[in-house]
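An overview of the molecular structure
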Amino acid sequence: MVSGSFSRRLPARLTPRIVSSPRVSARRKLWVAPRPPSLGDLAAAFCLASLVLVVGCLTYVYVKGYLGSGSLVVGLTGDADACDVFDGRWVPDSSYPLYNSSECPFAERGFNCLANGRNDMDYLKWRWKPWRCDVPKFNVQDVLERLRGKRVVFVGDSMSRTQWESLICMLMTGVQDPNTVYEVNGKTISKTIRFLGVRFQTFNLSIEFFRSVFLVQQSLPPRHGPKRVRTTLKLDKMDDMSRNWFDSDVLIFNSGHWWTPSKLFDMGCYFQVGGALKLGMSIDSAFTIAVNTWASWVETMVDTNRTHVFFRTFEPSHWSGSNEKVCELTQHPLAEAKANDQTEFSEIIVEVVERMKVPVTVLNVTLMGAYRSDAHIGTWSHPSTVTDCSHWCLPGVPDAWNELVFSYLLVKGADRSCAAVFLGAFLQLLLQLCDADRWSKFCVIPYHMAIRLITARMQFLGSPPLMIPMKSTRVPRRNQSTAKRRKDWIILTCVEHRSLLHHLPEAPATKAYSANTW
């Protein structure tokens, strides 16, 4: 029998006596003395748990992003599961408008109805209110900070230019020195210029507009074509200027108002696919092909991990009369939506976006505008001989579009911040454990996961409290072999009260990102 007490000479590993033949090999049994978990063990367990949480958050972000691809903006504040922010009404609000066009140097005179002689101001005092939720009011200082270092691009027709001017004027109210805001080429805003860019110098922010009314390429007709064909739309080729669009942080498209017989066939413009003319193709069919070409371009050329892509639907007009040339404005919004809304164009956009493989948001503003027969330019145009029941006065309806865009970005950022919160908390606790226990074990995070999280998903930056510490440091000698073997991993290690060492083999420098981001 083996004594119940151990001699000091006995090793921790014991070999019990075997009564059988000496040729029978003895089996060694392991005895492990129980010990309480050390701080290092707790840290390792927390590391693993944090990693699981980060993976879960990333999975949630990806699944929601891709399954929600093409969906409408929903649920800003209120009943998030049931709210469609485009289904609502206009309510009086004395805190509007958000700016004065006469004080904004980037608002065209043609859109400034007050400056052009409109006396009533009732059309300025309305706010869009969804039925089952609320749209947060535009906070100019917050938006300017979140747009710091960003590039916002609008692409489309004159309606897109109106939204572009609206956003600039909204942001100008938060700028202390107006002289720090300027058009990059010193140009005066005009409807014929194909590119306009306004720079907010203090915030390193660019707000740009590219005039591309069809989004696809307009070209000379093929040789030996009919004489009535003066130009063609190459429905399978994007506009030549598209190479300037994709390197942006927010990208907003629109098209539709030029897809009419008067602006196509009456002007000698017909459709072309490949090298073949399509003289008998309907406008709806051509628009569908063009939007599909745009969708393929977005999927191929745009990094939607960085760039938030929007497509705004058709903006309704309120022309009346037998020839649709009478423009009679009302004093208040209509009780029921009634307008020339080109619903088929909006349906085509939604259907195409729903089939896309990357996240794109449809700004379905058609219904919103259908109520606003009071907010068009009407006879208050410049020059006054032009009557306009298509475009909107500024301030006005386009301001609500911009409020929806940036409210959506804020809500989207709340989803994306989940993984950053867990990762930031994990790193901060790891630092504390290093200082407390001189813990020198490794905690590894997959390289591709961290890069995706930090450099792609966390593009819109905020401010502390939770900063992810990232300090480039040479890996200590005793850790070099591990770092060499794991070239596809980020290695986090703490050594002797030193700060967290961050090693990114063959990776670009990474900034410190806050969990409070878009």
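Starting afresh in each chain, residues are numbered from 1 along the sequence in its written order. pLDDT decides what is reported in this predicted model: residues at 70 or higher carry local features, side-chain atom pairs at 80 or more are listed and counted, and totals for whole chains, interfaces and linings draw on all residues regardless. Each side-chain value is worked out from all heavy atoms of the structure, with water and hydrogens disregarded.

**Details of the sheet that holds strand β9 (residues 216-219)**
Strand order in the open sheet formed by four strands is β9-β10-β12-β13, and the pairing between neighbours is mixed. With one partner strand each, in any of the chains shown, β9 and β13 (276-278) form the two edges of the open sheet. The sheet shows a mean angle of 40 degrees between the axes of neighbouring strands, taken without regard to direction. A pair of strands is considered paired only if DSSP assigns at least 2 bridges between the two. By definition, any uninterrupted DSSP run of H or I lasting at least four residues is a helix, any uninterrupted run of E lasting at least two residues is a strand, and each is numbered from the N terminus. As defined by bridge partners, strand β12 (residues 269-273) adjoins β13 across three bridges and the pair is classed as antiparallel. Think of each axis as a best-fit line through the C-alpha atoms, taken over the contacting stretch in the case of a helix, with angles from 0 to 180 degrees between the N-to-C directions.

**Some details on the packing of aromatic side chains**
Under the pairing criterion, centres of Phe, Tyr and Trp rings, with the six-membered ring standing for Trp, must be within 6.5 Å; the plane angle then separates stacked pairs below 30 degrees from edge-to-face pairs above 60, leaving the rest tilted. By the definition in use, this model includes 20 aromatic pairs. Aromatic rings pair up to connect F214, W258, W259, F265, Y270, F271, F287, F314 and F345 into one cluster. Positioned over the ring face of Y270 is R228, at 5.4 Å from the centre of the ring. Just above the ring of W90 sits the side chain of R372; from NZ or CZ to the centre is 4.6 Å. Any Lys NZ or Arg CZ that is within 6 Å of a ring centre and within 35 degrees of that ring's normal is treated as a charge sitting over the ring.

**Observations regarding the pattern of salt bridges**
By convention in these notes, a salt bridge is any Lys or Arg side-chain nitrogen within 4 Å of a carboxyl oxygen on Asp or Glu. Applying the stated criterion across every chain yields a total of 13 salt bridges. Its salt-bridge partner being D120, residue R118 comes within 3.0 Å of it at the nearest N-O pair. Summary of the burial criterion: residues with accessible area below 20% of their type's maximum are buried, those above 50% are exposed, and those between are partly exposed, where the area comes from a 1.4 Å probe applied to protein chains only. Under the relative-accessibility criterion, D120 is labelled partly exposed at 24%. When salt bridges that share partners are traced, they join E108, R161 and E165 into one network.

**Examining the state of the cysteines**
The disulfide definition used here is simple: a pair of cysteine sulfur atoms within 2.5 Å. A complete count under the given rule lists four disulfides for this structure. In this model C83 forms its disulfide with C133; the gap between the sulfur atoms is 1.8 Å. Here C83, found in the loop between β1 (77-78) and β2 (88-92), pairs with C133, found in strand β4 (residues 133-134); they are 50 residues apart in sequence, far enough to count as distant. Across the pair, exposure class does not vary: C83 and C133 are buried alike. Across a sulfur-sulfur distance of 2.1 Å, C104 and C169 are joined as a disulfide pair. Every disulfide takes its handedness from the sign of the S-S torsion; for C104 and C169 that torsion is -85 degrees, giving left-handed. Of this pair, C104 sits in the loop between β2 and β3 (126-130) while C169 sits in helix α3 (residues 158-172), and the two are 65 residues apart along the sequence. Each member of the pair, C104 as well as C169, is classed as buried.

**Focus: the packing of helix α4 (residues 283-301) against helix α5 (residues 343-354)**
For any two helices packed against each other, the geometry comes down to the angle between their axes and how far apart the axes lie. Between α4 and α5, the least distance of the axes is 10 Å, while the angle of their chain directions is 35 degrees. The two elements α4 and α5 meet at a crossing, and its hand is right-handed. Counted together, I283, D284, F287, T288, V291, N292, W294 and A295 of α4 and E344, F345, I348, I349, V352 and V353 of α5 form the full contact between these two elements. For the contact of α4 with α5, the residue count by class is ten nonpolar, two polar and two charged. Crossings are sorted by hand: turned counterclockwise from the far helix by less than a right angle, the near helix makes the crossing left-handed, and turned clockwise it makes it right-handed. Contacts are residue-level and defined by heavy atoms, with any inter-residue pair within 4.5 Å sufficient. In this classification, the charged set is Asp, Glu, Lys and Arg, the nonpolar set is Ala, Val, Leu, Ile, Met, Phe, Trp, Tyr, Cys and Pro, and all remaining amino acids, among them Gly, are polar.

**Looking at α5**
In this model α5 runs 17 Å from its N-terminal to its C-terminal C-alpha over twelve residues, within 8% of the 16 Å that 1.5 Å per residue would give. The complete set of buried residues in α5 reads F345, S346, I348, I349, V350, V352 and V353. Helix span, expected: 1.5 Å multiplied by one less than the number of residues in the helix.

**A closer look at unusual backbone geometry**
Residue P97 is reached from Y96 by a cis peptide bond, and omega for that bond is 10 degrees. Within the secondary structure, P97 is located in the loop between β2 and β3. For the bond from L394 to P395, the omega torsion is 0 degrees, close enough to zero to count as cis. You will see that N204, though not glycine, has its phi angle at about 50 degrees, which is positive. For H224, which is not glycine, the phi dihedral falls at a positive 65 degrees. With respect to the helices and strands, the residue H224 is situated in the loop between β9 and β10 (231-238). Residue H224 is classed as exposed on the basis of its relative accessible area of 84%.

**Structural notes on the side chain of E108**
Assignment of secondary structure puts E108 in the loop between β2 and β3. In this structure E108 touches R161, E165 and I189, once residues within four positions along its chain are discounted.

**Some words on the environment of V216**
The topology assignment puts V216 in strand β9. Take V216: its relative accessible area is 2%, and that puts it in the buried class. Each C-alpha atom of the pair V216 and A290 lies 6.4 Å from the other, and the pair is 74 residues apart in sequence. The residues contacting V216, other than those within four sequence positions of it, are L233, K234, L235, K237, M238, D239 and A290.

**Some remarks on the sheet that holds strand β8 (residues 205-211)**
Reading across the sheet, the seven strands line up as β6-β7-β8-β5-β11-β14-β17 and stay open at both edges, with mixed pairing between neighbours. The two strands at the open ends of the sheet, each matched to only one other strand, are β6 (181-183) and β17 (361-363). Adjacent strand axes in the sheet meet at a mean angle of 15 degrees when their direction is disregarded. Against the sheet, α3 makes contact with β5 (151-156), β6, β7 (195-200), β8, β11 (250-254) and β14 (308-312), and its axis sits at roughly 165 degrees relative to β8, the strand it touches most.

**Structural notes on the confidence of the model for the protein**
The predictor attaches a confidence to each residue, and that confidence, scored 0 to 100, is pLDDT. Mean pLDDT over the protein works out to 76, with 64% of the residues at or above the 70 mark. In this model, residues 63-80 is a region of pLDDT below 50 whose contacts with residues beyond four sequence positions or in other chains number 55 contacts. Under a pLDDT of 50 for its full length, residues 434-517 has, in the predicted model, 182 contacts with residues more than four places off or in other chains.

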